[in-house]
Amino acid sequence: RHHMPPVPLFFDVPQGNSLAPYIEVAFEQGLIVGNEERLFRPTHAITQDELVMLHARMVAMADQEAAAGLYTFQTGEAWYQPALRILQAHGIETPKPFTPGAPARRASVAHMTYRVVAYVSSRMPVMVAAEPIAMEATTEPHIVAATDVPQFLPVRQIQPLPAPGTQVIAAE
């Protein structure tokens, strides 16, 4: 947030928006592009074709061959077809049935994201930015309050969430 440019990247994401720094970094990394009107549409659901492209761009960050193929089109094919080929070549399942323009279901987003992160983290040192937080137990089951964890966590060290109803207690 301290190094944000004075002018917003997208007209619909003002610099004061809490998500603006993350959107800026995702744009700088080539993961998102917005649209021709310089809109990001942060309140819209992601579509299946947009999700496929986002994940293919993540794979391309770790695989030069995939990066080269991301914008290689065959005659008459849709803009997302190279991304579908890349994900399929890397064993990453895409939404079934695949319907361009249709919203992606949360289950598809979670499944694909997990597979993409696993692939990318096996190929390069990927770090996930985290807000400075620490874990402390709350009185509610399966609720964790946060106050001081390292600024960056390696992807491989992220643990799955505990089962519903499990009380989480912070390590001293």
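This is a predicted model, so every value here is computed, not measured. (Residues numbered from 1 in each chain as written. Predicted model: local features only at pLDDT ≥ 70, side-chain atom pairs only at ≥ 80, totals over all residues. Heavy atoms only, no water.)

### As for the nonpolar core
- Core analysis: the biggest nonpolar cluster contains 30 residues, and Val59, Leu70, Leu87 and Val116 have the highest contact counts within it.
- Mapped onto this core, the elements with two or more residues apiece are helix H1 (20-28), helix H2 (48-62), helix H4 (81-89) and helix H5 (106-123).
- Top contributing element to this core by residue count: H2, with eight residues.
- With residues up to four places along the chain from it excluded, the contact list for Val116 reads His55, Met58, Val59, Leu87 and Ile92. (Core = buried A, V, L, I, M, F, W, Y, C linked by side-chain atoms within 4.5 Å. Buried < 20%, exposed > 50% of the residue type's maximum accessible area, 1.4 Å probe, protein only. Helix = DSSP H or I, 4+ residues; strand = E, 2+ residues; numbered from the N terminus. Contact = heavy atoms within 4.5 Å.)

### Structural notes on the environment of Ser122
- With respect to the secondary-structure elements, Ser122 resides in helix H5.
- Judged by relative accessible area, which is 52%, Ser122 ranks as exposed.
- When the C-alpha atoms of Ser122 and Ala62 are compared, they prove to be 9.0 Å apart, with 60 residues separating the residues in sequence.

### Considering unusual backbone geometry
- A cis amide bond links Lys96 to the next residue, Pro97, at an omega of -10 degrees.
- In the Ramachandran plot, Arg38 falls in the positive-phi region, its phi being about 60 degrees despite a non-glycine side chain.
- In this structure, Arg38 sits in the loop between H1 and H2.
- For Arg38, a relative accessible area of 34% translates into the label partly exposed.

### Digging into empty space enclosed by the protein
- For the structure shown, the criterion picks out one cavity of 30 Å³ or more.
- Size it by volume and the largest cavity reaches roughly 40 Å³.
- Leu9, Phe10, Val13, Gln15, Ala20, Ile23 and Glu24 together form the lining of the largest cavity.
- Grouping the amino acids of the lining of the largest cavity by side-chain chemistry returns five nonpolar, one polar and one charged. (1 Å grid on protein atoms, 1.4 Å probe; cavity = no way out; pocket = protein on both sides within 12 Å on 5 of 7 lines; lining within 4 Å. Points joined across faces, edges and corners; volume = space filled by probe spheres on them. Nonpolar A, V, L, I, M, F, W, Y, C, P; charged D, E, K, R; others polar.)

Everything listed here is a matter of coordinates, which is why it stays silent on function.
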